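If you want the building blocks of each chain, they are given just below.
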Amino acid sequence: MTWETVIGLEVHVQLLTRSKMFCGCSAKFGDPPNTNVCPVCLGMPGALPAPNERAVRLAVRAAYALGCAVNGRSIFARKNYFYPDLPKGYQISQFEEPLATGGRLEIVTPEPGVLTVGLTRLHLEEDAGKSFHDRVPGMTAVDFNRSGVPLIEIVSEPDLRSPAEARAYLVALKQVLHYLEVSDCNMEEGSLRVDANLSIRRPGEPLGTRTEVKNMNSFSGVERALTLERDRQVAAVERGETIVQRTMLFDAAANEVRPMRSKEESHDYRYFPEPDLPPLVLPDGWLKAEREALPELPAAKRLRFMASFGLSAYDAGVLSGTRELAEYYESVVAEGIEAKEAANWVMNDVLALHPEDVQRALPPATVADVIRLVKAGTASRQAAKRVLQELDARSANVTLAPGAALDVATDLGLIQVQDTNQIDSWVRETLDAHPAELARYRAGETKLMGFLVGQVMKRSKGKADPKAVSAALSVALSGP
């Protein structure tokens, strides 16, 4: 009998704010160690916290986008534990009365396809500092710049059944958060961190003992770590061993998971309401305004692209991948370009030049001008691609004027020749140079048409209009 994997994810997301959660210190990443600190985020006696309004706003925005029920009243709590990077000896978080509960996220996987993952809760909290074990020989150094940076923690239900599904969930979640401009979700900088709870069971049986896997710094790393932990648990149980609830660390270099410590239960943290902060009360009108201000989200945009533009599920998925790319694509369509044609150019040509940042690409109007060169027969598709590349290179140094696409095509000698006399001349020269192929064609080997078109195009150095060439060849081949 096979084993079933059960996975739930706890995702910690740093919010895009200039200042920290409970003080005015900068939340900027990469500043010199321990320069963005104050009595509040260092936990000095008598320092009082005050909530960051923008952090609350971003958290509410994320909660509504994920289908959560946002509570008009929530409570900050102290989560007590000792660790060197936690200066107060406790973390301000939320526990019994969080900001939001429930919710769902649709993900797309090869099997079973579209899957809806339930969410347990979304709450606000502050980040801890960061420990460095390689800065000072034989010692651990601590940077408190990150201490107090605002976070949301998004806890999923144990609805995921494979490491691949866990990765798909993270991709979908990151996409939603990017659309909302809630976080940059940069795992390398620690602005998105994942803890995964994994257990195994026989199908239909109660949930097994879970372990928590930490120290995963990429989506591929999450998938690898969970695969290793699943395989470790299966092998252990099949040897007759008992799974112990504990925290496991993923070592990417060694490609292994190893025990860190026994897993704490919630009562070990001795949660109690934060005495220095009153309940967080959000007026109904304020919540309604936040809900109504949500942008169109990725899943809705993908469906609209399919319904309104006739795009395939794949094309719609690519073009709705980021909010910037979706807006860029729609801007090209708004220039009067047919939707499928615009999709092909944006996906195959624009993204080839700027795969990481479409905002650095040519203006949509300029791309539309290039596409019109092909539609008008002024340049071939391949020639227009060269025009696009040249325009992109020039745009780094100068501002492109209207009509630049035609000017570049002319400068590069890529304007298609449509003069029928010139094309007829190239056709005659080609047929004279290939008498054997001409005879075979007239004997019924019509597949040679493609070869002959290619030879005419070669003779014209690519300047002839392929449609005009085909028409001229058809006339010449049907004659004596």
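The model shown is predicted, which means the values in this text are computed figures rather than measured ones.

Asks: Account for the pairing of strand β9 (residues 130-136), with residues named and values stated.
Replies: As judged from the four bridges shared by β9 and strand β10 (residues 139-143), these two strands associate in the antiparallel manner. If you follow V136 over to β10, its bridge partner there is M139. The turn joining β9 and β10, which pair antiparallel and follow one another in sequence, is formed by two residues; a positive phi near 75° is taken by G138.

Asks: Can you tell me about unusual backbone geometry, naming the residues and giving the values?
Replies: In this model, E181 sits at a positive phi of 60°, which is unusual for a non-glycine residue. As for its position among the elements, E181 is in the loop between α2 (163-180) and β12 (192-201). Notably, N255 is not glycine yet its phi reads approximately 55°, a positive angle. Looking at the element boundaries, N255 is found in the loop between β14 (246-251) and β15 (256-262).

Asks: Tell me about the side chain of T366, and please be specific about residues and values.
Replies: The residue T366 is located in helix α9 (residues 364-375) in this model. Using a relative accessible area of 13% as the deciding quantity, one classes T366 as buried. Residues contacting T366, with those up to four places away along its chain left out, are L391 and L400.

Asks: Could you give me a rundown of the nonpolar core, with the residues and numbers involved?
Replies: Counting residues in each nonpolar core, the largest one holds 69 residues, and the members touching the most others are L9, L122, L124, I152 and Y169. Dropping the residues within four chain positions of it, L122 is found in contact with A59, A62, A63, L66, P98, L99, A100, I152, E153 and I154. By size, the runner-up hydrophobic cluster in this structure holds 40 residues, among which are A316, Y328, V350 and V367.

Asks: Tell me about the sheet that holds strand β16 (residues 272-273), and name the residues and values.
Replies: Taken in spatial order, the three strands line up as β5-β4-β16 in an open sheet, and their pairing is antiparallel. The open sheet has two edge strands with one neighbour each: β5 (90-93) and β16. Inspection of the sheet shows strand β4 (residues 77-80) paired to β16 by two bridges, in the antiparallel sense. Paired with A77 across the two strands is P273, which belongs to β16.

Parameters and conventions
- Residues numbered from 1 in each chain as written.
- Predicted model: local features only at pLDDT ≥ 70, side-chain atom pairs only at ≥ 80, totals over all residues.
- Heavy atoms only, no water.
- Pairing = 2+ DSSP bridges.
- Helix = DSSP H or I, 4+ residues; strand = E, 2+ residues; numbered from the N terminus.
- Buried < 20%, exposed > 50% of the residue type's maximum accessible area, 1.4 Å probe, protein only.
- Contact = heavy atoms within 4.5 Å.
- Core = buried A, V, L, I, M, F, W, Y, C linked by side-chain atoms within 4.5 Å.

Take it as geometry only, folks, not as evidence of what the structure does.
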